[in-house]
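So the chains spell out like this:
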Amino acid sequence: MGLTRPSGMRRLIHMLESAWNITEPVQLMVHVEPAQRARLHEDHRDLLDAFLARDVDRLLTTSAAHHRRLNEVVASLPPDSGLVTDDGD
């Protein structure tokens, strides 16, 4: 939303907010420990800063680090939550 809201495209923003609100109960981040969630939010701030600075190298590096961290967080969620499946990959 931080990247979409400045567009001023109210209809698009409304559709994205609606999709967010509908899916929120099953979003994985609801089940993430507060410290992990805070670190992921820090990643988002770093990504936005790099984006606004038009620093492609920093954006790619930060994005890769965030992706690794996010995968680790998701892998640490309890398998009995019903939110993720083990499809063998």
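Described in the following lines is the structure provided in the data block. Quantities reported herein were computed from a predicted structural model and do not represent experimental measurements.

**Concerning the layout of surface pockets**
- By volume, the largest pocket amounts to about 230 Å³.
- For the largest pocket, the lining is made up of 11 residues, of which Trp20, Met29, Arg37, His41 and His44 are closest to its centre.
- Secondary-structure elements contributing two or more residues to the lining of the largest pocket are helix H2 (34–52) and helix H3 (56–75).
- Counted by class, the lining of the largest pocket contains 5 nonpolar, 4 polar and 2 charged residues.

**Some thoughts on H2**
- The terminal C-alpha atoms of H2, which comprises 19 residues, lie 27 Å apart, in line with the 27 Å expected from a rise of 1.5 Å per residue.
- When we look at burial in H2, the residues that qualify are Leu40, Asp43, Leu47 and Ala50. Seen end-on, H2 carries its buried residues on one side only, within an arc spanning 75°. Exposed side of H2, more than 90 degrees from the buried face: Pro34, Ala35 and Leu52 are the residues found there.
- At the exit of H2 stands arginine 54, carrying a positive phi of roughly 60°.

**Some points on the packing of H2 against H3**
- Orientation of H2 relative to H3, taken along the N-to-C sense of each, is 160°, at an axis distance of 9 Å. Classified by the interaxial angle, the pair formed by H2 and H3 is roughly antiparallel. Between H2 and H3 the crossing geometry is left-handed. Here Gln36, Arg39, Leu40, Asp43, His44, Asp46, Leu47, Asp49, Ala50 and Phe51 of H2 come into contact with H3, specifically with Arg58, Leu59, Thr62, Ser63, His66, Arg69, Leu70 and Val73.
- Residues of the contact of H2 with H3, tallied by class, amount to 7 nonpolar, 5 polar and 6 charged.

**Let's talk about the environment of leucine 59**
- Counting through the fold element by element, leucine 59 comes out in helix H3.
- The partly exposed category is assigned to leucine 59, whose relative accessible area is 27%.
- Residues leucine 59 and aspartate 49 lie 10 residues apart in sequence; the distance between their C-alpha atoms is 8.4 Å.
- If near-sequence neighbours (up to four positions away) are discounted, leucine 59 is found in contact with Leu47, Ala50 and Phe51.

Quick notes on the rules
Residues numbered from 1 in each chain as written. Predicted model: local features only at pLDDT ≥ 70, side-chain atom pairs only at ≥ 80, totals over all residues. Heavy atoms only, no water. 1 Å grid on protein atoms, 1.4 Å probe; cavity = no way out; pocket = protein on both sides within 12 Å on 5 of 7 lines; lining within 4 Å. Points joined across faces, edges and corners; volume = space filled by probe spheres on them. Helix = DSSP H or I, 4+ residues; strand = E, 2+ residues; numbered from the N terminus. Nonpolar A, V, L, I, M, F, W, Y, C, P; charged D, E, K, R; others polar. Expected span 1.5 Å × (residues − 1). Buried < 20%, exposed > 50% of the residue type's maximum accessible area, 1.4 Å probe, protein only. Arc of directions from axis to C-beta. Axes fitted to C-alpha atoms, helices over the stretch in contact; angles between N-to-C directions. Parallel < 35°, antiparallel > 145°, perpendicular 65-115°, else oblique. Left-handed = near helix turned anticlockwise from the far one by under 90°. Contact = heavy atoms within 4.5 Å.

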